[in-house]
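Single-letter residue listing:
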Amino acid sequence: MSIHIIHVVGARPNFMKAAPVINALSKREGVVQTLIHTGQHYDLEMSEIFFNDLQMPKPAINLEVGSGSHAQQTAEVMIRLEPYLCDLKPDLVMVYGDVNSTLAGALVCSKLLIPVAHVEAGLRSFDRTMPEEINRLLTDQLADLLFTHSAEAEENLLREGIPREKIHFVGNVMIDTLKALLLKAEEKWPLQSSRFGCDSKGFALVTLHRPSNVDSQSTLAAIMKTLNEISRKIKIIFPVHPRTRKNLEANGLKPEGANLHLVDPMGYLDFLALQTHAALVITDSGGIQEETSYLGVPCLTLRENTERPITITCGTNVLIGNNIASTLGYINQILSGKWREKKVIPLWDGYAAERIAEIIVSRSLKSWQNL
Ligand code: UD1
């Protein structure tokens, strides 16, 4: 008997989560896989470059939904995905993370009675102003199989009434990818180091793209002002997300100091090389809070909350809130070598995807639906 599994991915943070799962399943007998890209992210640096870096198969189908409001984007994925699922009749669809494509995929499947697996289930920021939080809550309600990366995630799901039998604590698939590609990323370091003229631990890496930080003119202007100030202490490398780039341009905000490098978004390997060698990271990304925690690199998160509290309790992450000026004190602390050590995080060990593959192949597909 063969199992047909469709993976639905759409945005940058999905790709590094799906890659190890596809790889682990490809080693199992009787598993047929189809990769569908919704096209939520479509720029070369936001999408295609990752398929090369992650050595992922190219998507068999691209729905090319592109940008739009949340309703438009989510609806467009649903409308374009449905006929493929009706036609291909998969046994299971896998969705990843918390982007609009994740929820859209889960919704279509639930109406077609196709079992859905959610990888990275149970994360909660408890902040419903974040579109991702709505996507997480609803996807988890619809999923038949929920793969979690931390004990807190399981607690969140149980509190929301998800039956325990549907939940599997498997670990962190992003860390699978990071571990697998760390040596390859290291090969990229000399080029990055000479590109920016920086030594290991001699620079700060910045990424910002959340609407709460980049959509308001005054917040973005304050961020750029503080980054200028920080760049007098330490060189800054800031790969700029298209949303942030657009808002910087619309508001006439330009980088000032020679020590502040705003560059195009980077591929996975180049970015990982920089992350590994950074003295510190300033970010509002979810995944980067996890990667820095694993790498032991100090991380200052420009958000009021995090859906990944384990990066604070066991990792190297600190929540700064929305006032970037308060990073200055923390940066002095980091540069004088006073930062807490990372701890080992359970099951962030490089084998999460293997655990997922094992659970999928060893279960009767019908039984997921009946849970
Ligand atoms: C999406 C995810 C977010 C994730 C982020 C990572 C949702 C709700 N949000 O946010 O959780 O952290 O991806 O990047 O799904 N754009 C381009 N080229 C692209 C993609 C986007 O120019 O390839 C521009 C478009 O103008 C678009 C804007 O960026 O309107 C935002 O893109 P969108 O996919 O809507 O959300 P992100 O902010 O990327």
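Above: the structure in question.
Residues numbered from 1 in each chain as written. Predicted model: local features only at pLDDT ≥ 70, side-chain atom pairs only at ≥ 80, totals over all residues. Heavy atoms only, no water.

### Topic: helix α15 (residues 327–335)
Residues spaced three or four apart along an α-helix point in a common direction, a consequence of the helix completing one turn every 3.6 residues.
Point 1. Of all the residues in α15, the buried ones are Thr-327, Leu-328, Ile-331 and Ile-334. Along the axis of α15, the buried residues cluster in a sector spanning 120 degrees; they form a single face.
Point 2. Buried residues along α15 sit in contact with α10 (217–230), β11 (280–283) and β12 (299–301).
Point 3. Trailing α15 by a residue or two, Gly-337 shows a phi angle of about 80 degrees, which is positive. (Buried < 20%, exposed > 50% of the residue type's maximum accessible area, 1.4 Å probe, protein only. Helix = DSSP H or I, 4+ residues; strand = E, 2+ residues; numbered from the N terminus. Arc of directions from axis to C-beta. Contact = heavy atoms within 4.5 Å.)

### Let's talk about the sheet that holds β12
Point 1. The 6 strands lie next to each other as β10-β9-β8-β11-β12-β13, forming an open sheet whose pairing is parallel. Edge positions in the sheet fall to β10 (260–263) and β13 (317–319), since each of these pairs with one other strand and no more. For this sheet, the mean inter-axis angle between neighbouring strands, taken without regard to orientation, is 20 degrees. (Pairing = 2+ DSSP bridges. Axes fitted to C-alpha atoms, helices over the stretch in contact; angles between N-to-C directions.)

### Quick word on the packing of aromatic side chains
Point 1. Scanning the entire structure with this criterion turns up 4 aromatic pairs.
Point 2. Ring centres of Phe-15 and Phe-50 lie 6.2 Å apart, and the angle between their planes is 45 degrees; on these two criteria the pair is classed as tilted. One end of the pair, Phe-15, is in helix α1 (residues 12–26); the other, Phe-50, is in helix α2 (residues 48–53), and 35 residues separate them in sequence.
Point 3. Of the residues examined, Phe-50 reaches a relative accessible area of 3% and is grouped as buried.
Point 4. Look at Tyr-330 and Trp-339: their rings are 6.1 Å apart centre to centre, the planes differ by 80 degrees, and that puts the pair in the edge-to-face class.
Point 5. Ring pairs connect the aromatic residues Phe-15, Phe-50 and Phe-51, which therefore count as one cluster.
Point 6. Between Lys-342 and the ring centre of Tyr-294, over which it is positioned, the NZ or CZ distance is 5.2 Å. (Phe/Tyr/Trp six-rings, centres within 6.5 Å; stacked < 30°, edge-to-face > 60°. Lys NZ or Arg CZ within 6 Å of the ring centre and 35° of its normal.)

### A look at the nonpolar core
Point 1. Among the nonpolar cores identified, the biggest contains 39 residues, and Leu-54, Met-56, Met-94, Phe-147, Tyr-268, Ile-356 and Ile-360 are the most heavily contacted of them.
Point 2. A total of 8 residues in this core trace back to one element, the largest contributor, which is α1.
Point 3. Discounting residues that sit within four places of it in the chain, Ile-356 has contacts with Val-21, Met-94, Val-119, Phe-147, Val-170 and Val-173.
Point 4. Ile-230, Ile-236, Leu-262 and Leu-328 belong to the second largest nonpolar core, which has 29 residues in total. (Core = buried A, V, L, I, M, F, W, Y, C linked by side-chain atoms within 4.5 Å.)

### Thoughts on unusual backbone geometry
Point 1. Look at Leu-113: it is not a glycine, yet its phi comes out positive at around 60 degrees.
Point 2. For Leu-113, the position within the fold is in the loop between α4 (100–112) and β5 (116–119).
Point 3. Within the chain, Glu-120 stands out as a residue other than glycine whose phi angle is a positive 85 degrees.
Point 4. Within the secondary structure layout, Glu-120 lies in the loop between β5 and α5 (131–142).

### Section: the site of the ligand
Point 1. In the region of the ligand, 19 residues are neighbours, and Gln-40, His-41, Asn-100, Glu-132 and Lys-246 sit closest.
Point 2. His-241 is positioned such that a nitrogen or oxygen atom in its side chain is 2.9 Å from an oxygen atom of the ligand.
Point 3. Expressed as a share of its isolated accessible area of 740 Å², the protein-covered part of the ligand is 89%.
Point 4. The pocket occupied by the ligand, as judged from atoms lying within 2 Å of grid points, is the largest pocket.
Point 5. Those elements that provide at least two residues to the shell around the ligand are α3 (70–88) and α11 (242–250).
Point 6. The dominant element in the shell around the ligand, judged by the number of residues it contributes, is α11, at 3 residues. (Near = heavy atom within 4 Å. Polar contact = N/O pair within 3.5 Å; in protein donor to acceptor, adjacent residues only side chain to side chain. Areas by Shrake-Rupley, 256 points an atom, 1.4 Å probe, with all protein chains shown as cover. 1 Å grid on protein atoms, 1.4 Å probe; cavity = no way out; pocket = protein on both sides within 12 Å on 5 of 7 lines; lining within 4 Å. Sits in = over half its atoms within 2 Å of the grid points.)

### A look at helix α6 (residues 151–159)
Point 1. Three or more residues of α6 are buried, namely Ala-153, Glu-154, Asn-156 and Leu-157. End-on view of α6: buried residues confined to an arc of 160 degrees, all on one side of the axis.
Point 2. Looking at the buried side of α6, the elements it contacts are α5, β6 (145–148) and β7 (167–169).
Point 3. Of the residues one or two after α6, Gly-161 is the one with positive phi, at around 85 degrees.

### Quick word on the layout of surface pockets
Point 1. Space inside the largest pocket adds up to approximately 1,200 Å³.
Point 2. Elements supplying a minimum of two residues to the lining of the largest pocket: α1, α3, α5, α11, α12 (268–277) and α13 (286–295).
Point 3. The wall of the second largest pocket is formed by 18 residues, among which Ala-19, Pro-20, Asn-23, Asp-176 and Ala-180 lie closest to the centre.
Point 4. Take the lining of the second largest pocket: its biggest share by element is 5 residues, from α1. (Points joined across faces, edges and corners; volume = space filled by probe spheres on them.)

### Here we look at the side chain of Gln-73
Point 1. In this structure, Gln-73 sits in helix α3.
Point 2. If we skip the residues at most four places from it in the chain, Gln-73 touches Gln-40, Gly-66, Ser-67, Gly-68 and Asn-100.

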